[in-house]
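Summary of the model geometry
As a plain string of letters, each chain reads:
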Amino acid sequence: MDFNIDEIKQKIEILKEMDKDFEIFGSSKHKYQLHPCKTEKEIQSFEKQHGISLPADYRSFLLHVGNGGAGPSYGMFKLEDYFDNSYAETNYTVHDNFLSDNFKFSINAPYTESQYGNEDDPEYDPADYFNDTAGAMVICHHGCGILNILIVSGEEKGKIWVDDRCNDNGLSRISGSFYEWYSKWLDYSIASLETRNKLTSELKKSADIFKITNITGLGRARGFSVSCSGLKEINKIYYYEDSEFLKDGKKTDLFRVNQEIKAALIIQDSFETKIIKQDVRKKFRQFNKNSPDKNDIKQMQDNAKTEFTGIVTDIIWNSLNYKYYYICYAASIKKNIFIESRKDFELETGSEIYVSGILSFFVLKKYRKKNLFQKLFG
């Protein structure tokens, strides 16, 4: 796969423009910024020092795109920082020819952390954990000790592996080249944001005006019910405030009785169809299960239980929060209702379904105040 410098630069700019709120995981750290490119002389000096030649696509990236920065999760390391901080914090020094040693793993021979033993073993040497990945350089950190490593020596040279030994998930190859790995991240991120935008558009198109009729709950858990001209039962819809609308553990003044809001209907509880029956209950978090909120919230949930038949008009997989959104048209109230689930129920557009659950909604904005949008996703 040829390294297309202009394509990479263009996609980075597209992603930067699309993700101004840094919704892609880790982007708030690197902010899609790249460190200044390396010179040919600097790269040659690094290669000579470590007795290697860098893979051509990674070399081109350093020369023409940037020396690390914008990338998967928390971003890419600089060339000179090919060990992450967790390596530096140890008292174990890797040997001088670390990078020039052939990377010894094959795709069929992963290692896990438990195979290294512990301090009770007489032959235990913590340095083995680091030296066993000789021939590879760390280029990216995903958190929780999960690393991406670029192989620079041996039969796997040029390929990207994931080192998840600290979680006992071993070492495994994830990409055939640096360019493939980086391009997949760009394409996946752009596609995720495009899907988010599609969902946001559908939510806005399906939104309606609601008036808050009741606010209940104390302290860090609060909810409210609303009325809507399209629904016969007042207080049928339920909303749980949770930490998104709280500040320093205290109730906010964001929502008030008789205030009008713009929102889209959603089922966030269990539902069933004519074909399948599944429980996708969302647990409403209670910071203090013995608080006075408990009975109030339960009462609101009970009041908000509903059922309807509908036609599935669209299915959106939102990879930013790993959830499916099934958009169903409910003829009885002449409105779209969204069903949120982490499970794929293998439904198709046009399917007629029976739904039961707690009727809630996504708050889009205060109706009487402009430009006060709420985040749609947690």
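What you see is a predicted model, and the numbers here were worked out from it, not measured in a lab.

1. As for the overall build of the chain
Counting its regular elements, the chain contains eight helices and 14 strands. For the chain, buried positions account for 49% of its 378 residues.

2. Overview of the pairing of strand E8 (residues 260-267)
For E8, a buried count of seven out of eight residues is recorded, marking the element as mostly surrounded by other parts of the structure. Where E8 and strand E13 (residues 335-341) come together, two bridges link them in parallel fashion. Its bridge partner being in E13, Ile 267 is matched across the sheet by Ile 339.

3. Some remarks on the packing of aromatic side chains
Applying the stated criterion across every chain yields a total of 15 aromatic pairs. For Lys 31, the ring lying beneath its charged end belongs to Phe 22, and the centroid distance is 5.5 Å.

4. Here's the deal with the packing of helix H4 (residues 56-64) against helix H7 (residues 178-205)
A pair of packed helices is characterised by two quantities: the angle between their axes and the separation of those axes. One way to put it is that H4 packs onto H7 with a least axis distance of 7 Å and a crossing angle of 60°. The angle between the axes of H4 and H7 places the two elements in the oblique class. Residues Asp 57, Tyr 58 and Phe 61 of H4 pack against Phe 178, Tyr 179 and Tyr 182 of H7. The residue inventory of the contact of H4 with H7, partitioned by class, reads five nonpolar, no polar and one charged.

5. A look at the pattern of salt bridges
The full count for this structure, using the stated rule, is 16 salt bridges. Between Glu 13 and Lys 16 there is a salt bridge, with its nearest N and O atoms 3.4 Å apart. Of the two residues, Glu 13 and Lys 16 are both situated in helix H1 (residues 5-18); the distance of three residues between them amounts to about one turn of the helix. Across the salt bridge formed by Glu 23 and Arg 196, the nearest N and O atoms sit 2.1 Å from each other. Here the residue Glu 23 occupies a position in the loop between H1 and helix H2 (27-30), and Arg 196 occupies one in helix H7, the gap between them amounting to 173 residues. Three or more residues joined by partner-sharing salt bridges are found here, namely Glu 7, Lys 11 and Asp 187.

6. A word on the side chain of His 30
One can find His 30 in helix H2. Judged by relative accessible area, which is 8%, His 30 ranks as buried. Reaching out from His 30, the side chain makes a polar contact with the backbone oxygen of Gly 71 at a distance of 3.1 Å. Filtering out sequence-adjacent residues up to four positions away, His 30 remains in contact with Gly 69, Ala 70, Gly 71, Ser 73, Tyr 74, Gly 75 and Trp 185.

7. Some details on the nonpolar core
Core analysis: the biggest nonpolar cluster contains 35 residues, and Ile 8, Leu 54, Tyr 58, Met 137, Ile 139, Phe 178 and Tyr 182 have the highest contact counts within it. Contributions of two or more residues to this core are made by H1, helix H3 (40-50), H4, strand E1 (136-141) and H7. Element by element, the count of residues in this core is highest for H7, at eight residues. In this structure Tyr 58 touches Met 76, Leu 79, Met 137, Ile 139, Leu 150 and Phe 178, once residues within four positions along its chain are discounted. Core analysis: the second largest hydrophobic core is formed by 22 residues, Ile 261, Phe 308, Ala 330 and Ile 353 among them.

8. Some remarks on a nonpolar patch on the surface
Taken together, the side chains of Tyr 188, Trp 317 and Tyr 322 make up a nonpolar region of the molecular surface, amounting to roughly 340 Å² of accessible area. Looking at the element boundaries, Tyr 188 is found in helix H7. Judged by its relative accessible area of 44%, Tyr 188 is partly exposed.

9. Concerning the sheet that holds E1
Spatially, four strands are ordered E1-E2-E3-E4 in an open sheet, and the strand pairing comes out antiparallel. The outermost strands of the open sheet, each flanked by one partner alone, are E1 and strand E4 (171-175). On average, each strand axis in the sheet is tilted by 35° relative to the strand beside it, whichever way the strands run. Pairing analysis gives four bridges linking strand E2 (residues 147-151) to strand E3 (residues 160-163), with the strands arranged antiparallel. Across the sheet, residue Ile 149 finds its bridge partner in E3, namely Trp 161.

So, how was this worked out
- Residues numbered from 1 in each chain as written.
- Predicted model: local features only at pLDDT ≥ 70, side-chain atom pairs only at ≥ 80, totals over all residues.
- Heavy atoms only, no water.
- Helix = DSSP H or I, 4+ residues; strand = E, 2+ residues; numbered from the N terminus.
- Buried < 20%, exposed > 50% of the residue type's maximum accessible area, 1.4 Å probe, protein only.
- Pairing = 2+ DSSP bridges.
- Phe/Tyr/Trp six-rings, centres within 6.5 Å; stacked < 30°, edge-to-face > 60°.
- Lys NZ or Arg CZ within 6 Å of the ring centre and 35° of its normal.
- Axes fitted to C-alpha atoms, helices over the stretch in contact; angles between N-to-C directions.
- Parallel < 35°, antiparallel > 145°, perpendicular 65-115°, else oblique.
- Contact = heavy atoms within 4.5 Å.
- Nonpolar A, V, L, I, M, F, W, Y, C, P; charged D, E, K, R; others polar.
- Salt bridge = Lys/Arg side-chain N within 4 Å of Asp/Glu carboxyl O.
- Polar contact = N/O pair within 3.5 Å; in protein donor to acceptor, adjacent residues only side chain to side chain.
- Core = buried A, V, L, I, M, F, W, Y, C linked by side-chain atoms within 4.5 Å.
- Patch = residues over 30% accessible without salt bridge, like charges linked within 9 Å, V, L, I, M, F, W, Y side chains within 5 Å.
- Areas by Shrake-Rupley, 256 points an atom, 1.4 Å probe, with all protein chains shown as cover.

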